[in-house]
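# Structural overview for review
One letter stands for each residue in the lines below.
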Amino acid sequence: MSGAGGGARITRRRFLRGMAAGGAAVGAGAAGLGGLFRAGRAAAAVGADTLVVAQSTSVQTFDPQIVYDNTVAITRGIYEPPVGLDGSTPRIIPKLLTSWSASADIKQWTLKLRPGVKFHDGSDFTGEAVKVTLERLIKINRGFAYAFKPIVTGVDVLDPLTVRITLNTPDASFMAKLASTSGNLIVSPRAVRVHTNGGDLAQGYLKEHTVGTGPYMLQSYDKGAQQVVLKQFPGYWGGWSGSHVKRIIFKIVPEASTQRLMLERGDADIGTIVAPDLIDALAKQPGITINESPTMRIFYIAMHCQREPLKDVKIRQAISYAFDYEGAKQAIFNGRLAPLNGPLPDNDPAHLSPADKPYRFDMAKAKQLLSESSKPTGGFTLSLSLFQGDPTFRKAAEILQGNLKDLNINVSIQELSSSVLLEKAGKPETAPDLLPVRNYPDYADPSAMIVATFGKDAWGTIGWNFSFYANPKVEALLKQANEITNQPRRLQMFRDAQRIIVQEAAAVFIGTLINRFPLRSDVHGFVYNPLLGNTFDLYNISKS
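Everything in this summary refers to the structure shown in the same document. (Residues numbered from 1 in each chain as written. Predicted model: local features only at pLDDT ≥ 70, side-chain atom pairs only at ≥ 80, totals over all residues. Heavy atoms only, no water.)

Before going further, it helps to examine the overall build of the protein chain. Per the secondary structure count, the protein chain includes 16 helices and 19 strands. Taking 544 residues into account, the globule formula puts the C-alpha radius of gyration at 24 Å, and the protein chain, at 22 Å, falls close to it. C-alpha atoms of the protein chain, sized along the principal axes, occupy 65 × 55 × 45 Å. Classification of the 544 residues of the protein chain by burial places 59% in the buried group. Just so you have it, the protein chain exposes about 18,800 Å², and 52% of that area is on carbon and sulfur atoms. Averaged over its 60 positive side-chain charges, the protein chain has a centre that lies 1 Å from the centre of its 48 negative ones. (Helix = DSSP H or I, 4+ residues; strand = E, 2+ residues; numbered from the N terminus. Rg over C-alpha atoms; globule rule 2.2 N^0.38 Å. Buried < 20%, exposed > 50% of the residue type's maximum accessible area, 1.4 Å probe, protein only. Areas by Shrake-Rupley, 256 points an atom, 1.4 Å probe, with all protein chains shown as cover. Lys, Arg positive; Asp, Glu negative; His and termini not counted. Charge placed at Lys NZ, Arg CZ, Asp CG, Glu CD.)

The next point concerns the pattern of salt bridges. Any two side chains of opposite charge can pair, so long as their charged atoms come close to each other. One pass over the structure, following the stated rule, counts 26 salt bridges. Across the salt bridge formed by Asp356 and Arg499, the nearest N and O atoms sit 2.9 Å from each other. Taken together, the residues span a long stretch of sequence, with Asp356 in the loop between strand E13 (337–338) and helix H11 (363–371) and Arg499 in helix H16 (residues 487–503) at a distance of 143 residues. Judged by relative accessible area, which is 31%, Arg499 ranks as partly exposed. With its nearest N and O atoms 3.2 Å apart, the salt bridge here joins Asp457 to Lys456. (Salt bridge = Lys/Arg side-chain N within 4 Å of Asp/Glu carboxyl O.)

With that out of the way, let us pick up the packing of aromatic side chains. Inspection of the entire model under this criterion finds 26 aromatic pairs. Ring centres of Tyr236 and Trp240 lie 6.0 Å apart, and the angle between their planes is 50 degrees; this geometry places the pair in the tilted category. Among the residues examined, Trp240 registers a relative accessible area of 21% and is labelled partly exposed. Consider the rings of Phe454 and Tyr469, whose centres lie 6.1 Å apart with planes at 90 degrees: the pair is edge-to-face. A residue pair is termed long-range when its members are at least 10 positions apart, and Phe454 in helix H14 (residues 446–454) and Tyr469 in the loop between H14 and helix H15 (472–482) qualify at 15 residues. For Phe454, a relative accessible area of 0% gives the class buried. Aromatic ring contacts, followed pair by pair, group Trp109, Phe144, Tyr146, Phe148, Phe174 and Tyr443 into a single cluster. Taking the ring centre of Tyr325 as reference, the NZ or CZ of Lys357 above it sits at 4.2 Å. (Phe/Tyr/Trp six-rings, centres within 6.5 Å; stacked < 30°, edge-to-face > 60°. Lys NZ or Arg CZ within 6 Å of the ring centre and 35° of its normal.)

Within a regular beta strand, the side chains point alternately toward one face of the sheet and then the other, so they alternate between its two faces. Burial of strand E7 (residues 162–167) is extensive: 5 of the 6 residues sit out of reach of the surface. Bridge count for strand E5 (residues 108–113) against E7 is 5 bridges, and the pairing is antiparallel. From the neighbouring strand, Leu111 faces E7, where its bridge partner is Val163. Where strand E6 (residues 152–159) meets E7, 6 bridges bridge the pair, whose relative direction is antiparallel. Bridge pairing in E7 places Asp156 opposite Arg164. Between the end of E6 and the start of E7, which pair antiparallel, lie 2 residues. (Pairing = 2+ DSSP bridges.)

Here helix H3 (residues 127–140) contains 14 residues, and its C-alpha end-to-end distance of 20 Å stays within 8% of the 20 Å for a straight helix at 1.5 Å per residue. Listed in full, the buried residues belonging to H3 are Gly127, Ala129, Val130, Thr133, Leu134, Arg136, Leu137, Ile138 and Ile140. Looking at the buried residues of H3, the elements they touch are E5, E6, E7, helix H5 (189–195) and helix H6 (203–206). Within two residues after H3, Asn141 carries a phi angle of roughly 60 degrees, on the positive side. (Expected span 1.5 Å × (residues − 1). Contact = heavy atoms within 4.5 Å.)

Looking at the element boundaries, Asn482 is found in helix H15. Apart from residues lying up to four places away in sequence, Asn482 is in contact with Ile106, Pro170, Asp171, Ala172, Ser173, Lys177, Asp445, Ser447, Arg490 and Phe494.

As summarised here, the arrangement of the 4 strands in space is E4-E5-E7-E6, forming an open sheet in which the pairing is antiparallel. Edge positions in the sheet fall to strand E4 (97–102) and E6, since each has one partner strand and no second. With strand direction ignored, the average angle separating the axes of adjacent strands in the sheet is 20 degrees. Contacting E5, E6 and E7, H3 crosses the sheet at an angle of about 165 degrees to E6. (Axes fitted to C-alpha atoms, helices over the stretch in contact; angles between N-to-C directions.)

Moving on, we come to the environment of Asn529. Here Asn529 lies in the loop between strand E18 (523–524) and strand E19 (542–543). Separated by 242 residues in sequence, Asn529 and Gly287 have C-alpha atoms that sit 24 Å apart. Aside from chain neighbours lying at most four places away, what touches Asn529 is Leu85, Gly87, Ser88 and Thr89. Within polar-contact distance, the side chain of Asn529 engages the backbone oxygen of Gly87 at 2.9 Å. (Polar contact = N/O pair within 3.5 Å; in protein donor to acceptor, adjacent residues only side chain to side chain.)

Attention now moves to the nonpolar core. Ranked by internal contacts, the top residues of the largest apolar core, which has 117 residues, are Phe148 and Phe174. With sequence-adjacent residues up to four places away left out, Phe148 is seen in contact with Leu134, Leu137, Ile138, Phe174, Lys177, Leu178 and Asn184. (Core = buried A, V, L, I, M, F, W, Y, C linked by side-chain atoms within 4.5 Å.)

Quick look at H15 now. Of the residues making up H15, those classed as buried are Val474, Glu475, Leu477, Leu478, Ala481 and Asn482. Take H15 and look down its axis: the buried residues cluster within an arc of 165 degrees, on one side only. Of the exposed residues in H15, the ones pointing more than 90 degrees away from its buried face are Pro472, Lys473 and Lys479. Buried positions along H15 lie against helix H4 (174–178), H14 and H16. One side-chain oxygen at the N-terminal end of H15 lies 2.8 Å from the backbone nitrogen of Lys473; it belongs to Asn471. (Arc of directions from axis to C-beta.)

This brings us to the packing of helix H9 (residues 313–321) against H11. In contact at an axis separation of 8 Å, H9 and H11 are set at 170 degrees when each is read in the N-to-C sense. As the angle between them shows, H9 and H11 are arranged roughly antiparallel. Facing Lys314, Ile315, Gln317, Ala318 and Tyr321 of H9, the residues of H11 in contact are Met363, Lys365, Ala366, Leu369 and Leu370. Its residues assigned to classes, the contact of H9 with H11 shows 7 nonpolar, 1 polar and 2 charged. (Parallel < 35°, antiparallel > 145°, perpendicular 65-115°, else oblique. Nonpolar A, V, L, I, M, F, W, Y, C, P; charged D, E, K, R; others polar.)

Structure (structure tokens):
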């Protein structure tokens, strides 16, 4: 999930923001004031039974097989995957399944379903729901479909509570994929059947309606007010004993400065901004705490590998040497940025070492590489697009823009709304040359980030490969790694694949984010899992 901001896994999965400095900031501030007043009115009526989340990305769709940006923070409370992750760990635990097993060649997986689970429309959760969900995901072929479409050959319902999934190749990471909060969220077969229109598999209906099994159900979605309200599902299989909130209000507030004011005023309980300066300021405010934890959310600038002049690897390498990594760490993140030596962050077991990443800020080396390229004296312009929301993308873009001037390379920066930019960035013919991105793994396996970000089947919004990178050797290594269960050998293959990607400079690898959620101090039960993107467990949150 993934997000250029991902957000994220755009926001993948997860998504983005980019607030312009200078004149653009004035416009953002004006827009934010209106949002603040709306937020104030909304919050005035809420109490300890209602949680208000300031959400940075607008809703494009609620469709559980399509959502692949920060909207997963909302849909995670409505829909559920077959299995889950235990707290903040990568350990897979039962959820809608009670158990599972694999054949010796890990090409067939048998799933046992939890009995007594109901959808929000009153229908029973059975094997048909697993079949409909996976087949729908593969047919629609958006977002997380990249993980299943190439390998799933059959989904057979053996009895109402038993499903067998057959793959055309062994997949050691299959159960980890089923724990993702994107794509395989289980949808009601009845809703799909009743609301399918013209063969659209109910995409039109599920864009603005929801029918899951999760603890919360959609109460309202006000596009004008940019507000989503969830309410408790009385028939939730997990029950409602213990402490929970009754309602959750997501206020869509892209402007980081407005989110800060909402938190200070008590108009929001949780913020989702990625703006170190503002979070540092919030940390000094009474009544606000900062939940800080390491993430697997990488920050990089994708380079379009299929279009001239970036098709020339020498030019991509020159750009990688022309980025001031340490300066960006300090200027953008106030020093709070973990290293990133390739596609995988340092807390992934298959991460690369600093010795594997040759690129340091070295303008002499950059000029040398450019002189050896197809454009030895520069003299060209690269397009760079930004997602709206916070200043980190803007600052990274401006740092690169400033340094590339010394190479006689002009960078044209354009800021766009997430929906417009995703539409453009999703296709190689319309994508920008350069795209700052935040992304996180879709599931708990090294293959997740590498396949989604640099796999040939994940170009654009099919996955999150905004570099439109493809290399047969990388594909072969990833395929081999997924066909075996010997973990040391798998990790070595993932490292070898990453070294090729880094050597070919498919992206400028800047760093790994340290997640910092600002919360009101009366919020309890907040749990963040770095493998589930920019989301958190809504069910276990309460307020005092």
